[in-house]
Amino acid sequence: MAGTVRIIEPQVGGTDGGSVKTAGDFLHLEDRGGFRWQIKPSLADLLLGPSGIRLPEWLRAGQARIVKQGPHRNVYFVELPEICFYLKHNRLPDWPSWLRQLVRPSKARMEFDRARAVAARGIATFEPLALGEERTFLGAGESFLVTRALEDAEPLHRFVAGALPALGPARCIRIRHQLTRELALLAARLHDAGICHNDLHAGNLLVRLWEDDRLDLYLIDLNAVHLGAPLTWPTSLDNLVMLNRWFVLRSSRADRLRFWQTYRLARAAGKGCAFLHTRAGFVEADELERRTRASSLEFWKHRDRRCLKSNRYYQRVRGDGVAGYAITDLDQGALEALVADPDVPFHWPEARVLKDSRSCTVVEFDLVAGGQTRRVIYKRFKMTSWTDPWAALVRHTPALRSWIHGQGFRERGLPTARPLAVLERSRLGLRREGYLLTEKIADAHDLHEFLADLKRLPESERRRLVRRQIDLAAQVVREMHSRCLSHRDLKASNLLVSRDYSQFLSPFSSNPWGGEQNSLLPVFPTTIWLIDLVGVRRHRRLARSRKVQNLARLNASFLQTSPITRTDRLRFLRTYLDWGLYGAGDWKVWWKAVDRATKAKVRKNERSGRPLK
């Protein structure tokens, strides 16, 4: 458990003309390397030298490593023989940050005080060991916060993605249920104690699993904590929506109901939510789900802008007549070569040409990303009309749309290839050709190739595989629409599936507690992917007509494919509608609407002379 902190008023004393004072459990040092320090007496000589914090020594000795790095702060994990701890260095990289420090304490001071106050209210959190603030003439400057490492504890999102699925089916289910209840009880205690964490997600909760399967939960990152009276229901609801926004993509409705029932009973006797004692809580639970959906849509919309800025995930790149964006873990040498001449990969001998048409050229080759050599897809969007540069003045280019939606799909838990970089040529202020670099999905083919490959199998086996693939495709399209996204070019060649027919993994139902361990993004195991996202659009409210158009476009892809029967099409539609739970109206209404839209698509292609794919 987090260490207990006693809050005692400072007592003036010490030596060196008042340069040293004691304040309860902490020692005050007025000047060490230009910083004022408040530190545990037993750690003063261990952590501080004549010039201040011993971070340079620990880095040189390999005893410290960077956990998180950004323009505003660095977080280090330091492992010494005597103690392990985290060191957070808060900086002031720009003048808005400096101005904020004029009217408020330093970030380290706020988190230091809140950690002590949260612990005093009975909530387990980290133990602060030391606080350092830069001595400045006006306001507060840079600051350090040292906190004791919680042994054998890890962030909740890593626990549910890594440790939990590895426990075995029976134990995993038991601990998952226990974790759901413990999380609900923690939320209830927080709200009853008047603690509102305005950034309450799985990354700010630590979990420790004991040998006897007991669970301890700890609250961290307390800069966003507000302390006050017990939370009322409207405030509690807002806080629960924030927490549920992360779990709604990773947990079942049964798990969320289990959380709600535990939370409701725990809060029923509280001052802020006593009315829950006389209610079943279903209305409030439904309100929580509806508010979570609306909050998620707004949250995703805001996150879509991150890939157009420089931050710890993305970087702006610029060259002679070339500009764009790239992920931060892309090999810098390879990136600089692409920026110098985006067309050079198309002339490499090792580059394999996949497509060369009037509108685009696509090749694949090997590239270093994230410290590993990966097979990548590189696509050049050509200018097809003299109006294209002028249209780019009022809307995103196809390359930039593909980049934004590719990152947005991954933010929303939708399966697609990871975009690595986007580049655009410009001349006289007008954007012209665009280039998109993405990871290649290994050992996959599109739905047309999938059906052709099944012809070698017996009829019974072919039917089984087709039906399982239909269920997966219908789920992916439904989840895309439920996130208010449409894909006007949703055809069979833009749906990739794995060549391994031994397993069919849905990113929405195969293992909701698994996925990427080192990221808060919901990247789950899958055997199906959506690609070519130029035609994707984000909607405030996705109309039925738009959904029907998407379904009709996919349906038109199989008009000439004999293995797909009317029964298969009906099975797809019923699965898409979740057998009546998703989409208003009877399935027959949807069937007729899709049929009319499909026939209209066929007539349109016949008039233009374009084949259906």
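Located above this text is the structure these notes cover.
Below, the structure is looked at part by part. (Residues numbered from 1 in each chain as written. Predicted model: local features only at pLDDT ≥ 70, side-chain atom pairs only at ≥ 80, totals over all residues. Heavy atoms only, no water.)

1. Considerations on the overall build of the protein chain
Phase 1: Helix and strand counts for the protein chain come out as 17 helices and 27 strands.
Phase 2: Compactness check: the protein chain gives a C-alpha radius of gyration of 28 Å against a globular reference of 25 Å for 613 residues, within 12% of the reference.
Phase 3: For the protein chain, the spread of C-alpha atoms along the principal axes amounts to about 90 × 65 × 45 Å.
Phase 4: Put simply, the protein chain has 613 residues, and 50% of those count as buried.
Phase 5: Excluding contacts between residues fewer than 6 apart, the proportion of contacts in the protein chain whose partners are at least 24 apart in sequence is 63%.
Phase 6: In the structure as shown, the protein chain presents an accessible area of about 30,200 Å², 51% of it carried by carbon and sulfur atoms.
Phase 7: The protein chain carries 101 positive and 67 negative side-chain charges, and their two centres are separated by 9 Å. (Helix = DSSP H or I, 4+ residues; strand = E, 2+ residues; numbered from the N terminus. Rg over C-alpha atoms; globule rule 2.2 N^0.38 Å. Buried < 20%, exposed > 50% of the residue type's maximum accessible area, 1.4 Å probe, protein only. Contact = heavy atoms within 4.5 Å. Areas by Shrake-Rupley, 256 points an atom, 1.4 Å probe, with all protein chains shown as cover. Lys, Arg positive; Asp, Glu negative; His and termini not counted. Charge placed at Lys NZ, Arg CZ, Asp CG, Glu CD.)

2. With respect to helix α14 (residues 459–482)
Phase 1: Taking 1.5 Å per residue, 24 residues should reach 34 Å; α14 reaches 34 Å between its end C-alpha atoms and fits that length.
Phase 2: Burial runs high along α14: 17 of the 24 residues are buried. (Expected span 1.5 Å × (residues − 1).)

3. Looking at the sheet that holds strand β25 (residues 495–498)
Each strand in a sheet pairs with its neighbour through backbone hydrogen bonds, running either in the same direction (parallel) or in the opposite one (antiparallel).
Phase 1: Spatially, three strands are ordered β23-β25-β26 in an open sheet, and the strand pairing comes out antiparallel. Of all the strands in the sheet, the pair left with one neighbour each is β23 (444–446) and β26 (528–530). Along the sheet, successive strands turn relative to each other by an average axial angle of 30°, direction set aside.
Phase 2: As paired strands, β23 and β25 are joined by three bridges and run antiparallel to one another. The residue of β25 that forms the bridge with Ala-444 is Ser-498. (Pairing = 2+ DSSP bridges. Axes fitted to C-alpha atoms, helices over the stretch in contact; angles between N-to-C directions.)

4. Some words on the pattern of salt bridges
Phase 1: Tallied over the full model, the rule gives 42 salt bridges.
Phase 2: For Arg-538, the salt bridge is made with Asp-304, and the minimal N-O distance between the two is 2.9 Å. Of the two residues, Arg-538 is situated in strand β27 (residues 536–538) and Asp-304 in the loop between α9 (282–303) and β16 (314–319); the sequence distance between them amounts to 234 residues.
Phase 3: If you follow the salt bridges from partner to partner, you end up with Arg-352, Glu-364, Asp-366, Arg-375 and Lys-440 in one network. (Salt bridge = Lys/Arg side-chain N within 4 Å of Asp/Glu carboxyl O.)

5. A closer look at unusual backbone geometry
Phase 1: Although it is not a glycine, Asp-221 sits at a positive phi angle of roughly 55°.
Phase 2: Of note, Asp-443 is a non-glycine position whose phi angle comes to about 55°, a positive value.

6. Examining the sheet that holds strand β17 (residues 322–327)
Phase 1: Strands sit in the order β16-β17-β21-β22-β20-β19-β18 across an open sheet of seven strands; the sheet is antiparallel. Bordering the open sheet on either side are β16 and β18 (352–356), each of which pairs with just one other strand. Looking at each pair of strands side by side, their axes are set apart by 20° on average, direction ignored.
Phase 2: Contacting β16, β17, β19 (360–369), β20 (372–381), β21 (419–427) and β22 (430–439), helix α10 (residues 332–340) crosses the sheet at an angle of about 40° to β16.
Phase 3: Along the sheet, helix α12 (residues 398–411) contacts β16, β17, β20, β21 and β22; its crossing angle with β21, the most-contacted strand, is approximately 160°.

7. Some details on the packing of aromatic side chains
Phase 1: In this structure the tally under the stated criterion is 18 aromatic pairs.
Phase 2: Within the aromatic cluster, the residues linked to one another by ring pairs are Phe-346, Trp-348, Phe-365, Tyr-378 and Tyr-435.
Phase 3: Between the NZ or CZ atom of Arg-245 and the centre of the ring of Phe-299, over which it lies, the distance is 4.2 Å.
Phase 4: A cation over a ring is seen here: Arg-380 above Phe-346, with NZ or CZ 4.1 Å from the ring centre. (Phe/Tyr/Trp six-rings, centres within 6.5 Å; stacked < 30°, edge-to-face > 60°. Lys NZ or Arg CZ within 6 Å of the ring centre and 35° of its normal.)

8. Here we look at the environment of Trp-260
Phase 1: You can see Trp-260 is positioned in helix α8 (residues 253–267).
Phase 2: By relative accessible area, Trp-260 is classed as buried at 2%.
Phase 3: The spatial distance from the C-alpha of Trp-260 to the C-alpha of Leu-185 is 9.9 Å, given a sequence separation of 75 residues.

9. A look at the environment of Pro-105
Phase 1: On the secondary structure map, Pro-105 appears in the loop between α3 (95–103) and α4 (107–120).
Phase 2: Put simply, Pro-105 and Glu-133 are 28 residues apart on the chain and 9.7 Å apart in space, counted from C-alpha to C-alpha.

10. A word on the pairing of β17
Phase 1: Among the six residues of β17, five are classified as buried, and the element is accordingly described as predominantly covered.
Phase 2: Examined bridge by bridge, β16 and β17 share six bridges and lie antiparallel to one another. Residue pairing across strands places Val-317 opposite Gly-324, the latter belonging to β17.
Phase 3: Turn length for the β16-β17 hairpin, with the two strands adjacent in sequence and antiparallel, is two residues, and the turn residue Gly-321 shows positive phi of about 75°.
Phase 4: As judged from the five bridges shared by β17 and β21, these two strands associate in the antiparallel manner. Counterpart to Ala-326 in the pairing with β21 is Ala-421.

11. Focus: a nonpolar patch on the surface
Phase 1: Nonpolar side chains collect at one region of the surface, where Trp-95, Trp-98, Leu-99, Leu-102 and Val-103 lie side by side and expose about 560 Å² of accessible area between them.
Phase 2: Note that Leu-102 resides in helix α3. (Patch = residues over 30% accessible without salt bridge, like charges linked within 9 Å, V, L, I, M, F, W, Y side chains within 5 Å.)

12. Quick word on the side chain of Arg-306
Phase 1: Along the chain, Arg-306 falls in the loop between α9 and β16.
Phase 2: Residue contacts for Arg-306: discarding those within four places in its chain leaves Asn-311, Tyr-313, Tyr-314 and Glu-411.

13. Some details on the environment of Leu-457
Phase 1: Within the element layout of this structure, Leu-457 appears in the loop between α13 (447–453) and α14.
Phase 2: Between the C-alpha atom of Leu-457 and that of Gly-324, which follows or precedes it by 133 residues, the distance is 47 Å.
Phase 3: Apart from the residues lying within four places of it in its own chain, the contact partners of Leu-457 are Arg-462 and Leu-465.

14. Quick look at the packing of helix α15 (residues 544–556) against helix α16 (residues 566–576)
Phase 1: Axis separation between α15 and α16 bottoms out at 12 Å; the angle between their running directions is 150°. By the angle class used here, α15 and α16 are roughly antiparallel. Of the two elements, α15 crosses α16, and the hand of that crossing is right-handed. Two secondary-structure elements touch here, α15 through Lys-547, Leu-551, Leu-554 and Asn-555 and α16 through Arg-569, Phe-572, Leu-573 and Tyr-576. (Parallel < 35°, antiparallel > 145°, perpendicular 65-115°, else oblique. Left-handed = near helix turned anticlockwise from the far one by under 90°.)

15. Some points on the side chain of Arg-109
Phase 1: Among the structural elements, Arg-109 can be located in helix α4.
Phase 2: Among the polar contacts made by the side chain of Arg-109, one reaches the side chain of Gln-38 at a distance of 3.3 Å.
Phase 3: With sequence-adjacent residues up to four places away left out, Arg-109 is seen in contact with Gln-38, Leu-131 and Glu-133. (Polar contact = N/O pair within 3.5 Å; in protein donor to acceptor, adjacent residues only side chain to side chain.)

16. With respect to the nonpolar core
Phase 1: By size, the foremost hydrophobic cluster in this structure holds 48 residues, and its most contacted members are Leu-156, Phe-159 and Tyr-263.
Phase 2: Counting residues per element, the ones that place at least two in this core are α4, α5 (156–163), α6 (169–192), β13 (205–209), β14 (215–219), α7 (233–247), α8 and α9.
Phase 3: Looking at this core element by element, the count peaks at nine residues for α6.
Phase 4: The residues touching Leu-156, leaving out its near neighbours within four places in the chain, are Leu-179, Leu-183, Ala-202, Leu-205, Val-207 and Phe-247. (Core = buried A, V, L, I, M, F, W, Y, C linked by side-chain atoms within 4.5 Å.)

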